[in-house]
Amino acid sequence: MNTRIAVFGTGYLGATHAACMAELGHEVLGVDVDAAKLAKLEAGEVPFYEPGLEEVLKKNVDNGRLRFTASYEEAAQFADVHFIGVGTPQKKGEFAADLTYVHSVIESLAPLLNKPSVIFGKSTVPVGTAQILGERARELAPAGDQVEVAWNPEFLREGYAVKDTLHPDRVVLGIDKTSPRRAEQVAREVYADLLDENIPFIVTDLATAELVKTAANAFLATKISFINAMAEVCEAAGADVTTLADAIGHDARIGRRFLNAGVGFGGGCLPKDIRAFMARAGEIGADEALTFLREVDNINMRRRTRMVELARNVVGGSLLGTRIAVLGAAFKPNSDDVRDSPALNIAGQIQLHGSSVNVYDPKAMDNSRKIFPTLGYSTSASEACQGADAVLVLTEWKEFRELKPAQIEKIVRGKNIIDGRNCLDPELWRSAGWNYRGLGR
Ligand code: UDX
């Protein structure tokens, strides 16, 4: 059965969700306040780099199932199923999440709802938010109690957004257990194709659904910081964290995924989500339970400082007047996202120590220039390496993993390479006469 759906917010989450819901056969209206973004999307263009999304978007814009608008009135008339996919960034100068955009969807949409409607929240929010939004929506809506807010957290990874939306590991739905109505039935219809694939469908209360998302991200962040803490110990002991990760990863209870030591996690989700989680735990009197996340955050941020120290060491004790090549700016490969990117953050710190820094990234150049306009930018990896005293690999793009010493050894000034993602073969570089340094090996 095809449903008429409105998706509020057309960023990574919203645009992907809207396109994928159309791909499932639904009629979808994407809603945003940003006219420039809407114009691109209407033309079938994705305003950010996400492999595979443009094809799905274009196909469904062309077949008419996917449209975009800035009008809440149009959305309220068109759809009776609504998804909230707006951002919940970190508040400036605080750990807590800024819920302005989520609240503003409810404030604008609910007064226009004069028929029974289900609003599914997908944004990552502090536990307790959905309940408040539901009460507010019913208060504002002409349809009153016929309006339901349910929570359906999104677990997509950038770079795999389409696959993660159409074939997720699980679908989680939180419903208001005090007045359960149609949300579960509607979700079953919207996600019928997914449920036919036997993807686990977990129906629970609102608070649990909200917490599933924050707990998942906290666990992933902890796993990365755990291995990065082991990297610190390995460095002190002269051991190799990569072999250690392989060996402990063979234990199925531990698993090898997300055990890559390096410059740590960044992006628009993990860093701000663990902070918002700590802030919310404090508000509800459970702060002690999450004090360990502060250490997870500390270990992670320490990786960036460690990288700067290593760079200083390999160039002889002072960065002043040196040339440093930084390969990678995105927070991870296959993305042009530079939000809280360890790579760019390190590039900026090194520049502050008096280096001339040249950055190259296959996709994230424009976004990098916007937030760090004073760094040097090159049009290729080899251009960035021209005259460099040290080459830093900070995002593990395939192009950098496959880099060969011969490609750059004639153009650098010093044969120093620091592998911030442990993605290179140390023997290959050492045997070509390079001073190779990894993190934790
Ligand atoms: C993450 C979650 O994975 C996803 O489920 C959630 O919906 C949003 O947040 P994403 O931000 O796209 O997704 O990136 P992810 O692939 O999780 O990587 C996060 C960061 O951790 C990146 O900076 C990555 O480089 C780093 N990372 C990942 C490591 O440093 N080591 C690892 O082993 C894995």
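Bear in mind the structure is a predicted one, so any value in this text is a computation, not a measurement. (Residues numbered from 1 in each chain as written. Predicted model: local features only at pLDDT ≥ 70, side-chain atom pairs only at ≥ 80, totals over all residues. Heavy atoms only, no water.)

### What to know about the site of the ligand
Part 1: In the vicinity of the ligand, 20 residues are found, and the nearest of them are Phe155, Leu156, Glu158, Asn260 and Phe331.
Part 2: Separating an oxygen atom of the ligand from a backbone N or O atom of Asn260 is a distance of 2.8 Å.
Part 3: Backbone polar atom of Gly266 to an oxygen atom of the ligand: 3.1 Å apart, as the coordinates give it.
Part 4: When the free accessible area of the ligand is taken as 670 Å², the share hidden by the protein chains comes to 92%.
Part 5: No other element matches the 4 residues that helix 10 (residues 206-237) contributes to the shell around the ligand.
Part 6: Residue composition of the shell around the ligand, by class: 10 nonpolar, 4 polar and 6 charged.
Part 7: Residue contributions to the shell around the ligand reach at least three from each of two domains, namely domain 1 (4-199) and domain 2 (205-441). (Near = heavy atom within 4 Å. Polar contact = N/O pair within 3.5 Å; in protein donor to acceptor, adjacent residues only side chain to side chain. Areas by Shrake-Rupley, 256 points an atom, 1.4 Å probe, with all protein chains shown as cover. Helix = DSSP H or I, 4+ residues; strand = E, 2+ residues; numbered from the N terminus. Nonpolar A, V, L, I, M, F, W, Y, C, P; charged D, E, K, R; others polar. Domains from an automatic or database assignment.)

### Describing the domain arrangement of the protein chain
Part 1: Structurally, the protein chain comprises domain 1 (4-199) and domain 2 (205-441).
Part 2: Computed over C-alpha atoms, the centres of domain 1 and domain 2 are 32 Å apart.
Part 3: Listed as interface residues are 34 residues of domain 1 and, on the opposing side, 30 residues of domain 2.
Part 4: Between domain 1 and domain 2 the total buried area reaches about 2,600 Å² when both faces are included, carbon and sulfur atoms providing 62% of it.
Part 5: Of all residues in domain 1, Tyr49, Phe95 and Val127 bury the most surface against domain 2, accounting for 30% of the area lost on that side.
Part 6: Counting across the interface, domain 1 meets domain 2 through 1 salt bridge.
Part 7: A salt bridge links Glu158 to Arg339, with the shortest nitrogen-to-oxygen separation between them at 3.2 Å.
Part 8: Contributing elements (two or more residues each) for the side of domain 1 that touches domain 2: helix 6 (129-140), strand 6 (147-151) and strand 7 (171-175). (Contact = heavy atoms within 4.5 Å. Buried area = accessible area lost by both parts, 1.4 Å probe. Salt bridge = Lys/Arg side-chain N within 4 Å of Asp/Glu carboxyl O.)

### As for the nonpolar core
Part 1: Within the largest apolar cluster, 48 residues are counted, with the highest numbers of intra-cluster contacts made by Leu327, Ile350, Val391 and Leu392.
Part 2: At the level of secondary structure, the elements contributing two or more residues to this core comprise helix 13 (291-314), strand 9 (323-327), helix 14 (342-352), strand 10 (356-360), helix 16 (381-385), strand 12 (390-393) and strand 13 (416-419).
Part 3: Leaving out residues up to four positions away in the same chain, Val391 has contacts with Ala325, Leu327, Cys385, Ile408, Val412, Asn416, Ile417, Ile418 and Trp434. (Core = buried A, V, L, I, M, F, W, Y, C linked by side-chain atoms within 4.5 Å. Buried < 20%, exposed > 50% of the residue type's maximum accessible area, 1.4 Å probe, protein only.)

### Here's the deal with the pattern of salt bridges
Side chains bearing opposite charge may pair, as long as their charged atoms lie close to each other.
Part 1: Applying the stated criterion across every chain, the model contains 31 salt bridges.
Part 2: Here Asp176 makes a salt bridge to Arg138, at a shortest N to O gap of 3.3 Å. In this pair, Asp176 is assigned in the loop between strand 7 and helix 8 (183-190) and Arg138 in helix 6, connecting sequence segments 38 residues apart.
Part 3: Notably, a salt bridge pairs Glu409 with Lys415, separated by 3.9 Å at the nearest N-O pair.
Part 4: Taking the relative accessible area as the measure of exposure, Lys415 reaches 34% and is therefore partly exposed.
Part 5: Among the charged side chains, a salt-bridge network with shared partners connects Glu232, Glu235, Glu295, Arg302, Arg303, Arg306 and Glu309.

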